[in-house]
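Spelled out, the chains give:
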Amino acid sequence: METHSLIAHRPVPRRVLAAGLLAAAWNALPGAGAATATATARARAPHPAAPADGAGLRALFGSENRVIRTRERVVAVTFNAAWNDTGLDRVLGELARRRTPATFFLTGDFADRLPGVVRKVTAAGHGLGNHSYSHPYFKDLTAAGRRREVRAADRALRAAGAGDALTPFFRFPYSETSPAHIKEVNALGFADIEFTADTNGWKGTEGGMTVDRAVRRAVDALRPGAILQMHVGASEGRTEVIDALALRPVLDAVRARGYRVIDLRTLLRPSGRPGPQSASGSGRS
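Residues numbered from 1 in each chain as written. Predicted model: local features only at pLDDT ≥ 70, side-chain atom pairs only at ≥ 80, totals over all residues. Heavy atoms only, no water.

Caption draft 1: Structural detail: the environment of threonine 86. Relative to the helices and strands, threonine 86 is located in the loop between β1 (74-81) and α4 (88-97). We classify threonine 86 as partly exposed; its relative accessible area is 31%. Considered as a pair, threonine 86 and threonine 239 are 153 residues apart in the sequence and their alpha carbons are 7.2 Å apart. Apart from the residues lying within four places of it in its own chain, the contact partners of threonine 86 are Val232, Gly233, Ala234, Thr239 and Val241. In terms of polar contacts, threonine 86 uses its side chain to reach the side chain of asparagine 84, at 3.1 Å. (Helix = DSSP H or I, 4+ residues; strand = E, 2+ residues; numbered from the N terminus. Buried < 20%, exposed > 50% of the residue type's maximum accessible area, 1.4 Å probe, protein only. Contact = heavy atoms within 4.5 Å. Polar contact = N/O pair within 3.5 Å; in protein donor to acceptor, adjacent residues only side chain to side chain.)

Caption draft 2: A positive patch on the surface, seen in detail. On the surface, Arg147, Arg148, Arg151 and Arg155 cluster together to form a positively charged patch. Within the secondary structure, arginine 148 sits in helix α7 (residues 143-159). (Patch = residues over 30% accessible without salt bridge, like charges linked within 9 Å, V, L, I, M, F, W, Y side chains within 5 Å. Areas by Shrake-Rupley, 256 points an atom, 1.4 Å probe, with all protein chains shown as cover. Salt bridge = Lys/Arg side-chain N within 4 Å of Asp/Glu carboxyl O. Lys, Arg positive; Asp, Glu negative; His and termini not counted. Charge placed at Lys NZ, Arg CZ, Asp CG, Glu CD.)

Caption draft 3: How the structure looks around the pairing of strand β3 (residues 127-130). Alternating residues of β3 divide into Gly127 and Gly129 and Leu128 and Asn130, and every residue in both groups is buried. For strand β2 (residues 103-106) and β3, the ladder comprises four bridges, and the chain directions are parallel. Residue pairing in the sheet places threonine 103 in a bridge with glycine 127 of β3. Strand direction decides the pairing type here: β3 and strand β4 (residues 166-170), joined by two bridges, are parallel. Looking at β4, one finds that asparagine 130 is bridged to phenylalanine 170. A crossover connection joins β3 to the parallel β4 through α7; in handedness this β-α-β unit is right-handed. (Pairing = 2+ DSSP bridges. Right-handed = clockwise from strand over helix to strand, strands pointing away.)

The structure is reproduced here in structure tokens:
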């Protein structure tokens, strides 16, 4: 069955198309060159990283992308990180055991404070996305302030060693989007990638969440092309990371229902089609 790229609902302005052509050379930008850690990542990666293709990236522009347009039973797993790395080792370990790809959207502040996490994720073969620098409400910023947030996060991720794992994907803080803000991000060479459903594990038990409830939210959201959002770390004062505990049963449920997990980076390929099947295939911030 034919699979398309992520949904793009609105016409793409010419200046955005130009940004897409520039972003097609993503891996040639300073800081995105191959390093020893990146070579190791490719050897261990669930799927090989794909350089940004002009057509593949442009297809994502002009839209709030919350689902992969496909009839195939595929889903993508993503994690946000802004607080700390509590739970990261458990998440990476579970993904490695199943050779399951994921994309991690990190804030620049997080990358500055914990550059080792950036290198860990890269070495594990997963993709990295931009989640702004300080996680502000974009509606409260000027256009110049929003550009600074995106660019500062990009610089921080590169400085921390993101290398070829860095993608031209941006996720808005609090998933607070608008057509105008998406156009601004596109003009900087980034596609907006949001999510179909958040497990809400970030709320913790104080917010009424449990592992079972987080898993149920993920299962209820399963549909061809769903993008699941989870979180790495815990907010101040908490030590438990519900999403780290929920990941294994979530992946079990994905497989039991006949779905497979794909790497979002495969959408940057010229065909825009999901990549080969992975081993697992047999809200808010």
